[in-house]
Amino acid sequence: MFPICRSLVWIAAALAFSVAAAQAQANYPDRPVKIIVPIGPGGSYDLVGRQLADVLSRRTGQSFFVENKPGAGTVVGTQVAAQSEPDGYTLVVGGLSNMAFNSALYSRLAYDPRKDFVPVALIYRFGYVMVGRKDLPQVKLADIVASAKASPGAISVATAGVGTGQHLVAAAFMRAAGVKLQEVPYKGSPPAFTDLLAGRIDLFFDSIAAALPYVQSGQARGIAVLSSKRSPLAPDVPTMAEAGVAGLDVDSWLGIFAPAKTPPEIVEKLRGDIRAVLPDLKERFEKSGGEVFDLPNDKLDAFVASEYENWTKLIREAGIKLD
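Residues numbered from 1 in each chain as written. Predicted model: local features only at pLDDT ≥ 70, side-chain atom pairs only at ≥ 80, totals over all residues. Heavy atoms only, no water.

## Things to note about the nonpolar core
With 84 residues, the main nonpolar core has Phe173, Met240 and Trp311 as its most contacted residues. Here the element with the most residues in this core is strand β4 (residues 117–133); it accounts for nine residues. In contact with Phe173, other than residues within four places in its own chain, are Met130, Leu141, Val145, Val179, Leu181, Phe205, Met240, Val245 and Leu248. Among the nonpolar cores identified, the runner-up in size contains 17 residues, and Val129, Tyr186, Leu196 and Ala234 belong to it. (Core = buried A, V, L, I, M, F, W, Y, C linked by side-chain atoms within 4.5 Å. Buried < 20%, exposed > 50% of the residue type's maximum accessible area, 1.4 Å probe, protein only. Helix = DSSP H or I, 4+ residues; strand = E, 2+ residues; numbered from the N terminus. Contact = heavy atoms within 4.5 Å.)

Right, here's the structure in full:
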C-alpha cells in the first residue's frame, strides 16, 4: 500500500502545482515586469523599451520598468535575459543586432537567439537612406554604381563602426549593386556625418531620421532609401529599386523577446496587451522617425528566422568579425 500512497501524494502535489501555475498565468502580471534594454540610455532600443513599458503599465495596472544593461554592444544584456527565469517577468528588447548580427560577428556567443528566445512581438521599424556629400559629382544612384564598377574603391563610404547597422547596410548595398566602395570606419554616426558634410567622405548610410536634417538643410544629398517604399519623411528620395538597384529591401526592426520556455499562455497574454497598445505608440514612434510594426503572430517566427539567415549569411560572406 505504501507505494500507492506515495504515488497519490506525488499526483496530488503535481496537480496542486499545475493549478497554482495556471492561476499565476491567468493573473499575469501580478508583480513588476522588467524589460532589459541591452544598451545604455538613448537610441532606438531604449526608446522602444521605455515607451512600451509606459503604455503597458497603464493598460495592465502593473509596473513594467526598464533596466539598461549595456556591454559588448548588445551582448551582455541579452545574455542576462537568456539566463533569466522563463516566467514572463523578465523580457528583453530585441532587434537585428542582438537577434541576428551577433551570431555571425562573434565566434563564441554565450546565447543562441534561435534557441534561447521566443519572439513576443515586433513593434517598431525604421528605414535607412544613402546620403552623399552635397558636391558629389555622381548625382544619381545609377551614376554612383557606374563609377564604382569602373573604378572599384574610388568612392568612399563611412561606417559607424565594425558590425554596426550602418556598416552592414553598406555591405548589403555593395553586394546587391555588385560594387566595391572604400570603407572608412568611424566611432559612431556623428563623426561620420562631420566628415561627410566637410566633403572628406563621399557616402554614408544611416537611419532616415538621423540623416533627414542634413538633407533638408542642403548640407547633404539624399540619394535613395533602402525600404521597399518611399519614406513619408523624405518623399522625394527614391527607393533603391526605383533608382536602379533591385533586391535591396532593408528595414531595421525592434520588438520584445522572452526567454525560451516562457509559458505559451503568458506569451499570448503579452501579445494581446502589446497589440492593444500599439495605437498609443503610433504618434510617439513617428516622431522618432520610425513607425509601428504590427506583424501578425503567425508570421513572427518565420520573419525572425529569415532575418537571422539573411544577415548572418551576409556577415559571414563579407568576413566581418568582432573577435
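Continuing now.
## Side note on the side chain of Ser207
Here Ser207 lies in strand β7 (residues 203–207). Setting aside anything within four residues of it in sequence, one finds Ser207 in contact with Phe126, Gly127, Tyr128 and Val129.

## Notes on the pairing of strand β8 (residues 220–225)
Most of β8 is tucked away, with five of its six residues classed as buried. In terms of strand pairing, β4 meets β8 through five bridges, oriented antiparallel. Residue Met130 lies in a different strand from β8, and its bridge partner there is Ala224. (Pairing = 2+ DSSP bridges.)

## Brief notes about the packing of aromatic side chains
The geometry of an aromatic ring pair is captured by the separation of the ring centres together with the interplanar angle, meaning the angle of the planes. Here the structure, examined in full by the defined rule, presents 11 aromatic pairs. Seen in terms of ring centroids, Phe101 and Trp311 are 5.3 Å apart; in terms of plane orientation they differ by 70 degrees. Their pairing is edge-to-face. One end of the pair, Phe101, is in helix α4 (residues 96–105); the other, Trp311, is in helix α12 (residues 297–318), and 210 residues separate them in sequence. The same class applies to Phe101 and to Trp311, which are both buried. Consider the rings of Phe193 and Phe204, whose centres lie 5.0 Å apart with planes at 85 degrees: the pair is edge-to-face. Pair noted here: Phe193 is in helix α8 (residues 189–197) and Phe204 is in strand β7, with a separation of 11 residues, a long-range link. (Phe/Tyr/Trp six-rings, centres within 6.5 Å; stacked < 30°, edge-to-face > 60°.)

## Quick word on the packing of α4 against α12
For any two helices packed against each other, one specifies the crossing angle of their axes together with the interaxial distance. At a closest axis distance of 8 Å, the pairing of α4 and α12 adopts a crossing angle of 35 degrees. Our pair here, α4 against α12, has a crossing hand that is right-handed. Of the residues in α12, those touching α4 at Leu96, Met99, Ala100, Phe101, Ser103, Ala104 and Leu105 are Glu307, Tyr308, Trp311, Thr312, Ile315 and Arg316. When its residues are assigned to classes, the contact of α4 with α12 shows nine nonpolar, two polar and two charged. (Axes fitted to C-alpha atoms, helices over the stretch in contact; angles between N-to-C directions. Left-handed = near helix turned anticlockwise from the far one by under 90°. Nonpolar A, V, L, I, M, F, W, Y, C, P; charged D, E, K, R; others polar.)

## Remarks on the side chain of Gln166
Along the chain, the position of Gln166 falls in helix α7 (residues 165–177). A relative accessible area of 13% means that Gln166 is categorised as buried. Of the polar contacts made by the side chain of Gln166, one reaches the side chain of Asp206; its length is 3.1 Å. Each residue touching Gln166, except ones within four places of it in the same chain, is listed here: Tyr128, Ala160, Ser189, Phe204, Phe205 and Asp206. (Polar contact = N/O pair within 3.5 Å; in protein donor to acceptor, adjacent residues only side chain to side chain.)

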